[in-house]
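Residue-level structural notes
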Amino acid sequence: MNKVTTLDKVMDKVHDGAVIGLGGFLGIGVPLGVVDKLLEKGVKDLTLIGIVNAHPFAGGNFGVAKLFKNKQIKKFICSHAGTCPEAVEQYRADELEIEYYPMGTWIEKLRAAGSGLGGVLTPTGVGTLMEEGKQKLTLNGKEYILELPLSAEIAFIKGYRADKMGNIQYRRASLNSNPVLAMAADYVVAEVDEIVEAGEIEPELVGTPSIFVDAVVRCMSFDEHQKAVTDLWTNCGQLKAVNQ
Amino acid sequence: MDYRERIARRAALELGDGEVVNLGFGMPTAVANFIPQGVNVILQSENGCLMVGPTPKYGEHDKDLANAGGQPISLRPGASVFDSAMSFAIIRGGHVNTTILGALEVDQQGNISNWSRFKGSAKNIPGMGGGMDLCSGARKVVAILRHQDKTGNSKVLKQCALPLTGRGVVKVIVTEKAVFHASPQGLLLKEIVKDATVEELRKITDAEFTVAGDLREYRL
């Protein structure tokens, strides 16, 4: 089975109003090629499930910030939106709806959806606004909030390598939300730096088993991706600053 | 020394040797620069790693290695990486000894506020990120903040006005002027800067507090 395809083909599945998930954390482990293709396609009124927002110094030009800048997002389900000024501006102008969850709750809601659980009981947020409209339970004297599963129609994740069957290997801190998001969508697209033959990724290095992945795409090489992130960090002084 | 460095230096003294430590977004990140010699901690970054090292030199950086603020990091020998579910299992599951969180407000019930979803608020911090999980799961929550806002209003309050991040969870409050311990009995003043008296501190502090028998000078 060969799941390698092109972005143009998988984009047929993304329509106006779709609920999409995007892996990554402040610009790290983000499927950058996918973002550019979503921008090019111009789909609107998207509901975006993402753990946090763009890199704080993306300036509307890196990763998910581009989609906010282009006003393609109608609703954002996240734990923090503030690193993207475009998103904050639209939120304040009532052009963007935001649904907040604590980061650990956000990820568990996705994990619940992918794991066949009816929800999760978390102590996080007890005594705060997170209780609003939710069922609470007291077990062994401790209070918990019942959080329900959360999933996407289509998830775009970023891996390091994929084999043609769709097994995904991750690299360093770019795992973040990707492996869990890959479990919580009807259709999963993995953007990777490298594509190899089945058998070339050691089984114990597979972070997301192939059965979760429907399509594998490669948009940038490892070096191109490294350059994109290097430019981001140097342009905002996060790398240069330490060498002055 | 500006107030930020003062607070970061004092907060660093709250960390114990061998502890698993999570430093929050913003001012707490600077605490890593002031950890006393002989105190070795395991720093966790909530985006998914343990044993975070210093900022790498240009050329040694890696597109797949950043902290929870998106800044390039290195990893120390013995580091591990993991996904967000594991990261928050570590946090919520009680495996973090100490977290240092920046606060907008704290109060005498040990409550902490550091986010707001209200659109009109000047203090709008759009999202709680991992803060609520850290409040829920870390064994010791240290809240750090400026004692007063820019117009001189106390940020150490009888009752937080902003939405809470954690209820009754704060153990230690560090401002640039004082250190308080929080408990169900209220706030206890443990340290005060040498150029201030307790009476002067009361005037700029909305919260009620008692003075520890062993009150000492603010340590740096």
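Residues numbered from 1 in each chain as written. Chains lettered and ligands numbered in written order. Predicted model: local features only at pLDDT ≥ 70, side-chain atom pairs only at ≥ 80, totals over all residues.

**Some remarks on the overall build of chain A**
Along chain A, the regular secondary structure elements total 7 helices and 11 strands. Over its C-alpha trace chain A gives a radius of gyration of 18 Å, about what one expects of a compact globule, namely 18 Å for 244 residues. Summarising its shape, the C-alpha atoms of chain A cover approximately 50 × 40 × 40 Å along the three principal directions. Looking at chain A residue by residue over its 244 residues, the buried ones come to 53%. The contacts of chain A with a sequence gap of at least 6 include a subset with a gap of at least 24, amounting to 75%. (Helix = DSSP H or I, 4+ residues; strand = E, 2+ residues; numbered from the N terminus. Rg over C-alpha atoms; globule rule 2.2 N^0.38 Å. Buried ≥ 20, exposed ≤ 12 C-beta atoms within 10 Å, placed from the backbone. Contact = placed C-beta atoms within 7 Å.)

**Concerning the overall build of chain B**
For chain B, the helix and strand inventory stands at 4 helices and 13 strands. Taking 17 Å as the expected radius of gyration for a compact globule of 220 residues, we find that chain B reaches 17 Å, a close match to that expectation. With 220 residues in all, chain B has 49% of them scored as buried. Within chain B, residue pairs in contact and separated by at least 24 positions form 62% of the contacts whose partners lie at least 6 positions apart.

**Focus on the nonpolar core**
In terms of nonpolar packing, the biggest core is built from 133 residues, with A155 and A184 of chain A together with A143, I144 and I173 of chain B touching the most fellow members. Broken down by element, this core gets its largest block of residues, 7 residues, from strand β8 (residues 152-163) of chain A. What A155 of chain A contacts, discounting residues up to four positions off in sequence, is G21, L181, A182, A184, A185 and V188 of chain A. (Core = buried A, V, L, I, M, F, W, Y, C linked by C-beta atoms within 7 Å.)

**Some thoughts on the sheet that holds strand β6 (residues 136-139) of chain A**
All names here are of chain A. One open sheet holds the 3 strands; their spatial order is β5-β7-β6, and the pairing between them is antiparallel. What marks the edges here is a single partner per strand, and that holds for β5 (120-122) and β6. Within this sheet the neighbouring strands show an average axis-to-axis angle of 40°, counted without direction. Pairing analysis gives 3 bridges linking β5 to strand β7 (residues 142-147), with the strands arranged antiparallel. Paired with L121 across the two strands is L146, which belongs to β7. (Pairing = 2+ DSSP bridges. Axes fitted to C-alpha atoms, helices over the stretch in contact; angles between N-to-C directions.)

**A word on the packing of helix α5 (residues 103-115) of chain A against helix α2 (residues 84-92) of chain B**
Viewed as axis vectors pointing N to C, α5 of chain A and α2 of chain B meet at an angle of 130°, and their least axial separation amounts to 9 Å. The angle between α5 of chain A and α2 of chain B falls in the class oblique. In this structure, α5 of chain A meets α2 of chain B at a crossing whose hand is left-handed. Contact residues: M103, G104, I107, E108 and R111 of chain A in α5 of chain A; S84, A85, F88, I91 and R92 of chain B in α2 of chain B. (Parallel < 35°, antiparallel > 145°, perpendicular 65-115°, else oblique. Left-handed = near helix turned anticlockwise from the far one by under 90°.)

**Re the pairing of strand β8 (residues 140-144) of chain B**
Residues and elements named next belong to chain B. With 4 of 5 residues buried, β8 is to be regarded as a mostly interior element. Examined bridge by bridge, strand β5 (residues 98-102) and β8 share 5 bridges and lie parallel to one another. Each residue of the ladder has a partner; that of L101, found in β8, is A143. As judged from the 4 bridges shared by β8 and strand β10 (residues 170-174), these two strands associate in the parallel manner. In the sheet register, V142 faces β10, and the bridge partner there is V172.

**Description of α5 of chain A**
Taking 1.5 Å per residue, 13 residues should reach 18 Å; α5 of chain A reaches 18 Å between its end C-alpha atoms and fits that length. By the criterion of burial, α5 of chain A is predominantly enclosed, with 12 of the 13 residues buried. Residues M103, G104, T105, W106, I107, E108, K109, L110, R111, A112, A113 and G114 of chain A constitute the buried set of α5 of chain A. Looking at the packing, one finds that the buried side of α5 of chain A touches β3 (73-78), β5, β7 and α6 (178-181) of chain A together with α2 and α3 (131-137) of chain B. At the C-terminal side of α5 of chain A, G116 of chain A shows a positive phi close to 75°. (Expected span 1.5 Å × (residues − 1).)

**A few points about the sheet that holds strand β6 (residues 105-107) of chain B**
Residue and element names in this part refer to chain B. Read from one edge of the open sheet, 3 strands run β7-β6-β9, paired in mixed fashion. Either end of the sheet is taken by a strand with one partner, and the two such strands are β7 (112-113) and β9 (156-157). Bridge count for β6 against β7 is 2 bridges, and the pairing is antiparallel. The partner of V106 across the bridge, within β7, is I112.

**What about the confidence of the model for chain B?**
Taken as a whole, chain B shows an average pLDDT of 95; of its residues, 97% reach a score of 70 or greater. Here the predicted complex scores 0.96 on pTM and 0.96 on ipTM. (pLDDT = per-residue confidence, 0-100.)

**Here's the deal with unusual backbone geometry**
Glycine aside, residues mostly have negative phi, and peptide bonds are mostly found in the trans state. Residue and element names in this part refer to chain A. Even without glycine at this site, K71 takes up a positive phi of about 55°. By the element assignment, K71 lies in the loop between α3 (65-69) and β3. Positive phi, normally seen in glycine, also occurs at D94, with a value near 60°. Residue placement: D94 occurs in the loop between α4 (85-92) and β4 (97-100).

**Examining the interface of chain A and chain B**
Listed by partner, the interface residues are 49 residues for chain A and 40 residues for chain B. Among the secondary structure elements, those contributing two or more residues to the side of chain A that touches chain B are α4, α5, α6 and α7 (222-235) of chain A. For the side of chain A that touches chain B, a count of residues per class yields 25 nonpolar, 19 polar and 5 charged. (Nonpolar A, V, L, I, M, F, W, Y, C, P; charged D, E, K, R; others polar.)

**What about the environment of S74 of chain B?**
Residue placement: S74 of chain B occurs in the loop between β3 (49-52) and β4 (75-81). Beyond its immediate chain neighbours, meaning those up to four positions away, S74 of chain B contacts G53, P54, P56 and E60 of chain B.

**Topic: α7 of chain A**
An α-helical turn contains 3.6 residues, so a residue and the one three or four places further along point in the same direction. Residue and element names in this part refer to chain A. Along its 14 residues, α7 runs 20 Å from first to last C-alpha, staying within 8% of the 20 Å computed at 1.5 Å per residue. H225, V229, L232 and W233 are the residues of α7 that are buried. Angularly, the buried residues of α7 cover 95° about the axis, an arc narrow enough to put them on a single face. Looking at the packing, one finds that the buried side of α7 touches α2 (32-41) and β10 (185-196). One or two positions beyond α7, positive phi appears at G237, with a value near 85°. (Arc of directions from axis to C-beta.)

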